[in-house]
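Spelled out from the first residue to the last, the chains are:
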Amino acid sequence: MMLTEFTIAGARAALRDKEISAAELTLAHLEAIADLNPRLNAFITVTDEQAALQAARADKAIAAGQARPLTGIPLAIKDLFCTQGVRTTAGSRILENFVPPYESTVTARLLHDGAVFLGKANLDEFAMGSSNMTSAFGPVENPWKRSGGSNAVLVPGGSSGGSASAVSARLAMGATGTDTGGSIRQPAAFCGLAGIKPTYGRCSRWGVVAFASSLDQPGPFARTVQDCAILLGSMAGFDPKDSTSIDLAVPDFEAACRRGVRGLKIGVPREYRADGMPAEIERLWQQGLDWLRDAGAEIVDVSLPHTKYGLATYYIVAPAEASSNLARYDGVRFGLRADGQDLTELYEATRAEGFGEEVKRRILIGTYVLSAGYYDAYYLRAQKVRALILKDFTDAFATVDALLTPTAPSAAFAQGEKMNDPVAMYLNDVFTVPASMAGVPAMSVPAGLDSQGLPLGLQVIGRPYDEETVFAVSQVIEDSAGFSGKPALRAGVPA
Ligand code: GLN
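Notes on the structure in this doc start here. (Residues numbered from 1 in each chain as written. Predicted model: local features only at pLDDT ≥ 70, side-chain atom pairs only at ≥ 80, totals over all residues. Heavy atoms only, no water.)

**Overview of the overall build of the protein**
Okay, step 1: Helix and strand content of the protein: 16 helices and 11 strands.
Okay, step 2: Over its C-alpha trace the protein gives a radius of gyration of 21 Å, about what one expects of a compact globule, namely 23 Å for 495 residues.
Okay, step 3: With 495 residues in all, the protein has 61% of them scored as buried.
Okay, step 4: Long-range contacts, defined here as pairs at least 24 residues apart, represent 77% of the contacts in the protein between residues at least 6 apart.
Okay, step 5: Within the structure as shown, the protein displays about 18,000 Å² of accessible surface, and the carbon and sulfur contribution to it stands at 52%.
Okay, step 6: Here the protein holds 45 positive side-chain charges and 54 negative ones, and the gap between their average locations is 2 Å. (Helix = DSSP H or I, 4+ residues; strand = E, 2+ residues; numbered from the N terminus. Rg over C-alpha atoms; globule rule 2.2 N^0.38 Å. Buried < 20%, exposed > 50% of the residue type's maximum accessible area, 1.4 Å probe, protein only. Contact = heavy atoms within 4.5 Å. Areas by Shrake-Rupley, 256 points an atom, 1.4 Å probe, with all protein chains shown as cover. Lys, Arg positive; Asp, Glu negative; His and termini not counted. Charge placed at Lys NZ, Arg CZ, Asp CG, Glu CD.)

Spelled out as structure tokens, the structure:
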């Protein structure tokens, strides 16, 4: 088998049995990056030398019988995670030359468990976007193509578009992402991958460049549900350095994948039957419910009545927090500094030059909704509605164990589409945002292809801290779907 085709679980076994070495596994991925990254632009920074060193260390550990859960597994790291001594840009000019003196907790855990880091994955600037078109380092290409020889360049989704493109094209076996309103789940769906946003607080945010702190949550991408379980097992865990981190033991997520769904109640939120949803997405959703019923689950209609306010409240809360978080980029402490006659001018010139259009739009919205005259009308109101959205989920989970919905209202779209209509772009998140607002875990699983041959995802939403049920349900969907599609652009396939 080609080294770049291994799953993480498969490579872990092959490494332990000494059928393959970490050095050759890493090299195969670095070669694939050299081949395809000039086109896909999935990585902003490739750390070849560091990866080779880590792989050599992994081989020694394996030889000494000291393999850890991820020893020798090559990963891509979203360039929002601070990595000690390795440039971390957040996809922004303003951090173009920022080299953190510390390692984020999540990446430190992955390294501790033996992972090899191939490099830093491209993303929408400060994780704001749904298409990876807002990166200061250029757009990322989705390795999937519409069938029939279409040349349209598709977006990988966002904001973790580089992570998703890299794993889909076999440039990495798995990747980290962050999800504030859908940035793991939507790109996973667009690129035919599994991706989970865990419960808010399950993974530490320490050392992750902040977008909207009450929503941001790290999580993994991989090509299988089990691989996501393996990665999350290493990424998750209590961190005293993040005051919102939860002090709970990390369950055996891999074992949870094998639980099945017999006896579980799966809810279908009727408000997710959005007007104008493509018929094939509607059909896939029904198919997903049938698979779960066939596997022994009971399907129950539920209502999440405040779903319709999800997007509107998200686009108040997230920009409000962003405008506050981004105040630190003042040209004095981090990154870029533009000259000015006085301090105010220095701030203004730095921020005018350093931030892109979408980030400026969010800052404008955020400062507006937090301003003295409008705080009550927008921000405070949005916080109240957020509480109602959470209550919807709490009520639903009194009767069901998990919810099933589509991940996104469309398959991957072409670069340039929706670009001059921010509201159309924001609509991408209609199905992912409510779980973010409620802080509950949610996973996207590849479930089928649309009529143009592009992947579609289904979303499994679970109770707070119950990622185990999310994995169990997702595994049944993966097994039933038998999704075996591969993108047109991938390692080992001549372009
Ligand atoms: N697309 C959403 C936004 O632009 C979500 C992004 C994210 O989850 N980081 O805010």
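**A short note on the site of the ligand**
Okay, step 1: Close contacts around the ligand come from 15 residues, with Thr180, Gly181, Ser183, Tyr314 and Arg362 the closest.
Okay, step 2: Between the ligand and the protein, one listed contact pairs a nitrogen atom with a side-chain N or O atom of Ser159 at 3.5 Å.
Okay, step 3: Measuring from an oxygen atom of the ligand, one finds a backbone N or O atom of Gly182 at 3.2 Å.
Okay, step 4: Calculation on the ligand without its partners gives an accessible area of 290 Å², and the protein chains cover 100% of this total.
Okay, step 5: Using a 2 Å cut-off from the grid points, one finds that the ligand occupies the largest cavity.
Okay, step 6: Here the shell around the ligand is built from residues that sort into five nonpolar, seven polar and three charged. (Near = heavy atom within 4 Å. Polar contact = N/O pair within 3.5 Å; in protein donor to acceptor, adjacent residues only side chain to side chain. 1 Å grid on protein atoms, 1.4 Å probe; cavity = no way out; pocket = protein on both sides within 12 Å on 5 of 7 lines; lining within 4 Å. Sits in = over half its atoms within 2 Å of the grid points. Nonpolar A, V, L, I, M, F, W, Y, C, P; charged D, E, K, R; others polar.)

**Focus on the pattern of salt bridges**
Okay, step 1: The final tally for this structure, using the stated rule, is 21 salt bridges.
Okay, step 2: Between Arg259 and Glu468 there is a salt bridge; the shortest N-O distance is 2.8 Å. Here the residue Arg259 occupies a position in the loop between α8 (253-256) and β7 (265-269), and Glu468 occupies one in helix α16 (residues 467-481), the gap between them amounting to 209 residues.
Okay, step 3: For the salt bridge of Asp290 with Arg293, the shortest nitrogen-to-oxygen distance reads 3.0 Å. Remark: Arg293 and Asp290 occur in helix α9 (residues 279-294); sequence separation between them is three residues, near one turn of the helix.
Okay, step 4: A single network of salt bridges, built from pairs that share partners, joins Glu5, Arg170, Lys486 and Arg490. (Salt bridge = Lys/Arg side-chain N within 4 Å of Asp/Glu carboxyl O.)

**Things to note about the packing of aromatic side chains**
Okay, step 1: Using the criterion set out here, one finds 17 aromatic pairs in the structure.
Okay, step 2: Plain terms: the ring middles of Phe190 and Phe413 are 5.8 Å apart, the flat faces sit at 85 degrees to each other, and that makes the pair edge-to-face. A residue pair is termed long-range when its members are at least 10 positions apart, and Phe190 in helix α6 (residues 185-191) and Phe413 in the loop between β9 (402-406) and α14 (422-426) qualify at 223 residues.
Okay, step 3: What makes Phe190 buried here is its relative accessible area of 1%.
Okay, step 4: Accessibility expressed as a relative area gives 3% for Phe413, which makes it buried.
Okay, step 5: Geometrically, the ring pair formed by Tyr272 and Phe431 is stacked, given 5.6 Å between the ring centres and 20 degrees between the ring planes. Placement of Tyr272 in the loop between β7 and α9 and of Phe431 in the loop between α14 and α15 (433-438) is noted, with a sequence separation of 159 residues between them. (Phe/Tyr/Trp six-rings, centres within 6.5 Å; stacked < 30°, edge-to-face > 60°.)

**So, a nonpolar patch on the surface**
Okay, step 1: The grouping of Val332, Leu343 and Tyr347 at the surface amounts to a nonpolar patch, some 250 Å² of accessible area in total.
Okay, step 2: Its location among the elements puts Leu343 in helix α11 (residues 343-354).
Okay, step 3: What makes Leu343 partly exposed here is its relative accessible area of 48%. (Patch = residues over 30% accessible without salt bridge, like charges linked within 9 Å, V, L, I, M, F, W, Y side chains within 5 Å.)

**Some remarks on the pairing of β7**
Okay, step 1: With respect to burial, β7 is a largely interior element, four of its five residues being buried.
Okay, step 2: Of the strand pairs in this sheet, β7 and strand β8 (residues 298-302) are connected by five bridges, and their pairing is parallel. When the bridges of β8 are listed, Val268 appears paired with Asp301.
Okay, step 3: Once you follow β7 into α9 and on to β8, the crossover reads as right-handed.
Okay, step 4: Relative to β9, β7 is paired through two bridges, and the arrangement is parallel. Across the sheet, residue Gly267 finds its bridge partner in β9, namely Leu403. (Pairing = 2+ DSSP bridges. Right-handed = clockwise from strand over helix to strand, strands pointing away.)

**A few points about helix α10 (residues 310-325)**
Okay, step 1: Here α10 spans 22 Å end to end across 16 residues, near enough to the 22 Å set by a 1.5 Å rise per residue.
Okay, step 2: The element α10 is extensively covered by neighbouring structure, given that 14 of its 16 residues are classed as buried. (Expected span 1.5 Å × (residues − 1).)

**Considering the packing of α10 against helix α12 (residues 357-370)**
Okay, step 1: α12 packs onto α10 with a crossing angle of 100 degrees between their chain directions and a minimal axis gap of 7 Å. Classified by the angle between their axes, α10 and α12 sit roughly perpendicular to one another. When α10 is examined against α12, the residues Tyr315, Ile316, Pro319, Ala320 and Ser323 are found in contact with a partner set consisting of Arg362, Ile363, Ile365, Gly366, Thr367, Val369 and Leu370.
Okay, step 2: Its residues placed into classes, the contact of α10 with α12 shows eight nonpolar, three polar and one charged. (Axes fitted to C-alpha atoms, helices over the stretch in contact; angles between N-to-C directions. Parallel < 35°, antiparallel > 145°, perpendicular 65-115°, else oblique.)

**Focus: unusual backbone geometry**
Okay, step 1: Along the chain, Gly158 connects to Ser159 via a cis peptide bond; the corresponding omega equals 5 degrees.
Okay, step 2: At Asn41, a residue that is not glycine, the phi angle is positive and equals roughly 60 degrees.
Okay, step 3: Looking at the element boundaries, Asn41 is found in the loop between α2 (22-40) and β1 (43-46).

It is worth stressing that arrangement in space is one thing and function is another; only the former is reported here.
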